[in-house]
Amino acid sequence: MSDDRAPHKTTGNIPADWPTDPLRLGAAAAEYTIDAWQRGLLYADVLRQRGNQYQAHLRERVPNVLAFEAELVLSGLDLPRPVNYGLARIVPGAGTPVDPAKRPFVVVDPRAGHGPGIGGFKPDSEIGAAMKAGHPCYFVGFLPDPVPGQTVEDVMRAEAAFVRKVGELHPGNGKPVVIGNCQAGWQVLMTAAVWPELFGPIILAGAPVSYWAGDNPMRYGGGLTGGSWLTALTSDIGAGRFDGAWLVQNFEHLDPANTLWKKQYHLYANIDTEADRYLGFEKYWGGYVFLNDVEMQYIVDNLFIGNKLSTAQLVTSDGVRIDLRNIRSPIVVFCSYGDNITPPGQALGWITDLYRDKDDLVAHDQTIVYATHDSIGHLGIFVSASVGRKEHREFAANIDIIDLLPSGIYRAEVEDRPDGVPAGELGDAEYLMRIRGSSLEEIGQIVRPDPASDRRFAAAARLSEINLALYRNTLQPWIRAISTPWSARWLQALHPLRVGFEWWSDQHPLAVPVAAAAEQIRKERAPAAAGNPFLLAQERLSETIVQALDQFRDQRDALQGRLFELIFGSLLLQSLAGQTLYQPQPPRTHPGDSPEHRAFLAGELARLEADLDRGGLAEAVIRGLFFVLKTRGEADCRHFRHAWELLQPRLDRPDLGVPDLARFRELVRRQGLLVWRDGEAALAAIPRLLADTPPDIIHRASDIIAGLVEVAGSLSAQEQASLRRVLDLFAHAAQAATAAAAPAASVPLTPAHAPSVPAKVGKAATAKAASAAKHTPRPGTAQTRKRGTTAGAAVPSGTAGEPATRPGPSGSPGRPGKKATGKKGNRP
């Protein structure tokens, strides 16, 4: 028998060195039999430990799976409207120093059937990534049992109180960054839409927001079971509480191969190394929690089936509309194509649901950054160490850069550090984050909006309302009459998922001999060689089982999709749901279709136009920088960091007019918008912004622009020409300021006062720019208001090639692509 532990080569289905000698074959069989027997006993012992762990977890007062020490800061039980949530501060470890001057992070865990702690499940996690970047961290978790009567709105108020408290604990550090995982994502968005002033950047990790989008089979479940009446029934037999184990079971059904075979087989096949990882994950997976019936019914009716959040149809009990367009913080969306619970369509669909065009996005001053992963699964977005070390670290290291981005849609891509880039130039020594402009059209290619599909889901939502009303008027009184807390506890204990955890633990009479045998086996472990033919046959059998279960899943999902389309795509059912055959408008009214919203949009765009001539030196400097680099489609974190290193020492320079950090963020975002919307008009207004600035300060500002542009890397010919135009405008402004100070003597622009230009600007570009400057009209003339062909060119918001859209007379929307003539009446 071979002692080689490496896998052997195979020919077809038979290993190439399958032993033909009966003695060798018998020895391999004996070796495998001993190994399989030992693995079986060790596997049984790990399941025994799982049962003990489950029982101990239930006895904890505040059960969680955090890998970090935490201390309670504010309990939701003490709020005016108490909830089972709490705010805890993560205590930094000895090797993880935290910079008290950095903005705090708040990680909010999902309450979707499991207990809290997934955001800090491992050292390389969202919390770990933020702490390694030096940020103070807080965690929002919850207790297993809800406060009787608590609602989703009560939870929103509690989260607002938590974020407000963190902001008070860190004044002057910037508003807190809030991370919402999975179901916590939509909850954080709802809270930020009502209290936008409390939030800094928001990071959504695997968070479903647009439930009718995407292509995962879970979205068909509500329609095929008749709607949310089943949710009400489940809560009623639970005596007013919804058992989160049912939600977990829905997740389990998505991948039967993993649920029924792969997870357990992987433990059995790798029993010597996988026990700790398996037990750690099962502690989270088996920590079932409860929701109040009113909470769960609200979620299913308004989000899962109704899909009302992404179209601003939700209104709070005190009359406040929950409109995600009210959020003024940057929103980072992180999703994965390997996620079968929240695919990218559901994570990003709210953007195309809310916004019609880029003017709509600009008017609401919203910044959206999204990043996609190719393969990681749903839980891997929060749990995977590789994601924690990569994407989450980059988000944390560059969160201040993201906070400065002007309104628009951006795509972030994280890659390994390129060769030749020093580690010291990056926020994280191992990775580089690139940010490039995106658009609604690119988001639409991911989401793939389908009006016909929306009609089917709208019909399913209407049928759900009808069935729920029928249940409430007929069966619900009887179900509630026979349901008691005692019967609810028995039903919960007999839930199939709970039985799997409870049936085998130290309470079982066979647990003691199994534990003793397993301990002895660990001392005398004799694993089979990796090339054992029977071990290879075992692997092939496992692969066959997995393939069969995957085929069953695929056929089941395809059948569910076809049934859903057949049932809810029928004209009869859609007619009963109130839809007409040739309905001109979509089944969901766009939130921007109201006259009030159109008036708001026109007013915001008019205010943006008025800002062209508002400001001073700081606005002129930042506007000039944006104009030079507006054609660049992307930038990486090095460029932002170099620019910040040059700007930060000048933030306290009153002579340059640069304000504090919070005001600086608003200034950068606003100037970026102006250049993005109409670059030529923004550039022509620079002399008017510099009209009251002394000439020596204008010269210093010109040098700052040249220095910042130089760190952006090699300039294209167009960027060199743009830089020369900007520097010439500053030079002429300085000359005009000098002439105004001494009107009797004309002071020419001497070489000593000429702006310094990086050596990368070639002679041809300089001559071309000088010619352009020679013909630059005087500030204030009608020609300076004329829109050139570059008016719609992209700034770092990445709208390269998209034509500017100008509002027409009286604030009416303009036609995209039509260049304004600058004539009277073309400006609102």
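Residues numbered from 1 in each chain as written. Predicted model: local features only at pLDDT ≥ 70, side-chain atom pairs only at ≥ 80, totals over all residues. Heavy atoms only, no water.

Caption draft 1: Representation of the overall build of the protein chain in the model. Within the protein chain, the secondary structure is distributed over 33 helices and 15 strands. Expressed as a percentage of the 828 residues in the protein chain, the buried residues total 53%. Pairs at least 24 residues apart make up 81% of the contacts formed inside the protein chain by residues separated by at least 6 positions. As presented, the protein chain carries roughly 36,200 Å² of accessible surface, and 58% of it is formed by carbon and sulfur atoms. (Helix = DSSP H or I, 4+ residues; strand = E, 2+ residues; numbered from the N terminus. Buried < 20%, exposed > 50% of the residue type's maximum accessible area, 1.4 Å probe, protein only. Contact = heavy atoms within 4.5 Å. Areas by Shrake-Rupley, 256 points an atom, 1.4 Å probe, with all protein chains shown as cover.)

Caption draft 2: Local environment of the packing of aromatic side chains. If you walk through the whole model with that rule in mind, you get 19 aromatic pairs. Ring centres of Trp212 and Phe457 lie 5.8 Å apart, and the angle between their planes is 20°; this geometry places the pair in the stacked category. With Trp212 in the loop between β8 (202–205) and α5 (221–224) and Phe457 in helix α18 (residues 451–474), this residue pair connects regions lying 245 residues apart in the sequence. Both residues of the pair, Trp212 and Phe457, belong to the buried class. An aromatic cluster is built from Trp212, Tyr220, Phe457, Phe564 and Phe568, whose rings are joined through pairwise contacts. (Phe/Tyr/Trp six-rings, centres within 6.5 Å; stacked < 30°, edge-to-face > 60°.)

Caption draft 3: View of the side chain of His170. As for its placement among the helices and strands, His170 is situated in the loop between α3 (152–169) and β7 (177–181). The exposure class assigned to His170 is buried, which follows from its relative accessible area of 12%. Not counting residues up to four positions away in its chain, the partners in contact with His170 are Pro100, Pro104, Pro136 and Tyr138.

Caption draft 4: Inspection of the nonpolar core at higher detail. Ranked by internal contacts, the top residues of the largest apolar core, which has 76 residues, are Leu309, Leu324, Leu348, Trp350 and Ile351. For this core, the element with the most residues is α3, which contributes nine residues. Apart from the residues within four sequence positions on either side, Leu348 is in contact with Val333, Cys335, Tyr370, Ile443, Ile446 and Val447. (Core = buried A, V, L, I, M, F, W, Y, C linked by side-chain atoms within 4.5 Å.)

Caption draft 5: Molecular detail of the side chain of Ser125. Within the fold, Ser125 resides in the loop between β5 (105–108) and α2 (126–132). In terms of polar contacts, Ser125 uses its side chain to reach the backbone carbonyl oxygen of Gly119, at 3.4 Å. (Polar contact = N/O pair within 3.5 Å; in protein donor to acceptor, adjacent residues only side chain to side chain.)

Caption draft 6: Quick look at helix α20 (residues 485–493). Where α20 is concerned, the buried positions are Ser487, Ala488 and Gln492. Across the axial projection of α20, the buried residues extend over an arc of 135°, all falling on one side. Seen from the open side of α20, the exposed residues pointing more than 90 degrees away from its buried face are Trp486 and Arg489. (Arc of directions from axis to C-beta.)

Caption draft 7: View of the pattern of salt bridges. Counted according to the given criterion, the structure contains 37 salt bridges. Its salt-bridge partner being Asp611, residue Arg614 comes within 2.8 Å of it at the nearest N-O pair. The class of Arg614 is partly exposed, set by a relative accessible area of 49%. Here the salt bridges share partners, and the residues they tie into one network are Asp45, Arg48, Asp506, Glu519 and Arg522. (Salt bridge = Lys/Arg side-chain N within 4 Å of Asp/Glu carboxyl O.)

Caption draft 8: Representation of unusual backbone geometry within the structure. Despite not being glycine, Ala312 has its phi angle at roughly 55°, a positive value. Mapped onto the secondary structure, Ala312 falls in the loop between α10 (293–305) and β11 (331–336).

Caption draft 9: Highlighting the pairing of β11. Of all six residues that make up β11, six are buried, and the element is covered over most of its length. In β11, alternate side chains face the same way, and those of Ile331, Val333 and Cys335 on one face and Val332, Phe334 and Ser336 on the other are all buried. Sheet analysis places β11 next to strand β12 (residues 367–373), joined by six bridges and oriented parallel. Opposite Val333, over in β12, you have Tyr370 as the bridge partner. (Pairing = 2+ DSSP bridges.)

Caption draft 10: Highlighting the pairing of strand β4 (residues 85–90). Within β4, five of the six residues are buried, which leaves it mostly tucked inside the rest of the structure. When strand β3 (residues 70–75) meets β4, the two strands line up antiparallel, connected through five bridges. Directly across from Leu74, in β4, lies its bridge partner Leu87. As paired elements, β4 and strand β6 (residues 137–142) share five bridges and run antiparallel to each other. Within the sheet, the bridge partner assigned to Gly86 lies in β6 and is Gly141.

Caption draft 11: Structural context of the environment of Tyr278. Among the secondary structure elements, Tyr278 is positioned in helix α9 (residues 271–285). Taking the C-alpha atoms as reference points, Tyr278 and Leu47, 231 residues apart in sequence, are found 9.7 Å from one another. In this view, Tyr278 contacts Val46, Leu47, Arg50, Lys263, Gln264 and Leu267; residues no more than four positions away in its chain are not counted. Within polar-contact distance, the side chain of Tyr278 engages the side chain of Gln264 at 3.0 Å.

Caption draft 12: Local environment of the confidence of the model for the protein chain. Summary statistics for the protein chain give a mean pLDDT of 80 and a share of 80% for residues scoring 70 or more. The low-confidence segment residues 1–12 (pLDDT under 50) makes 26 contacts with residues lying over four places distant or belonging to another chain. Of the regions scoring below 50 in pLDDT, residues 744–828 engages in 147 contacts with residues more than four places distant in sequence or in other chains. (pLDDT = per-residue confidence, 0-100.)

Caption draft 13: Quick peek at the environment of Lys262. Among the structural elements, Lys262 can be located in helix α8 (residues 256–269). Residue classification places Lys262 among the partly exposed positions, given a relative accessible area of 34%. Along the chain, Lys262 and Ser542 lie 280 residues apart, while their C-alpha atoms are 8.0 Å from each other. Other than its neighbours up to four places away in sequence, Lys262 contacts Asp255, Ala257 and Val546.

Caption draft 14: The arrangement of the packing of α8 against α9 in detail. Between α8 and α9, the shortest axis-to-axis distance is 7 Å and the interhelical angle comes to 145°. In contact with Lys263, Gln264, His266, Leu267, Tyr268 and Ala269 of α8, α9 contributes Ile271, Glu274, Ala275, Arg277, Tyr278, Glu282 and Trp285. Taken together, the residues of the contact of α8 with α9 sort by class into seven nonpolar, two polar and four charged. (Axes fitted to C-alpha atoms, helices over the stretch in contact; angles between N-to-C directions. Nonpolar A, V, L, I, M, F, W, Y, C, P; charged D, E, K, R; others polar.)

Caption draft 15: Representation of a nonpolar patch on the surface within the structure. Together, Leu224, Leu559, Leu563, Leu566 and Ile567 make up an exposed nonpolar region whose accessible area comes to about 430 Å². Counting residues per element, the nonpolar patch draws most heavily on helix α23 (residues 533–568), at four residues. For Leu224, the location among the structural elements is in helix α5. A relative accessible area of 33% places Leu224 in the partly exposed class. (Patch = residues over 30% accessible without salt bridge, like charges linked within 9 Å, V, L, I, M, F, W, Y side chains within 5 Å.)

Caption draft 16: Representation of the packing of helix α1 (residues 22–59) against α8 within the structure. Viewed as axis vectors pointing N to C, α1 and α8 meet at an angle of 120°, and their least axial separation amounts to 9 Å. With respect to α8, the axis of α1 lies oblique. As α1 packs across α8, the resulting crossing turns out to be right-handed. Packed against α1, whose contacting residues are Ala36, Arg39, Gly40, Tyr43, Val46, Leu47 and Arg50, the element α8 presents Gln264, Leu267, Tyr268 and Ala269 at the interface. Its residues placed into classes, the contact of α1 with α8 shows seven nonpolar, two polar and two charged. (Parallel < 35°, antiparallel > 145°, perpendicular 65-115°, else oblique. Left-handed = near helix turned anticlockwise from the far one by under 90°.)

Caption draft 17: Molecular detail of the environment of Asp35. Following the sequence through the fold, Asp35 ends up in helix α1. With 492 residues separating them in the primary sequence, Asp35 and Pro527 have C-alpha atoms 5.1 Å apart. Of the polar contacts made by the side chain of Asp35, one reaches the side chain of Arg525; its length is 2.9 Å.

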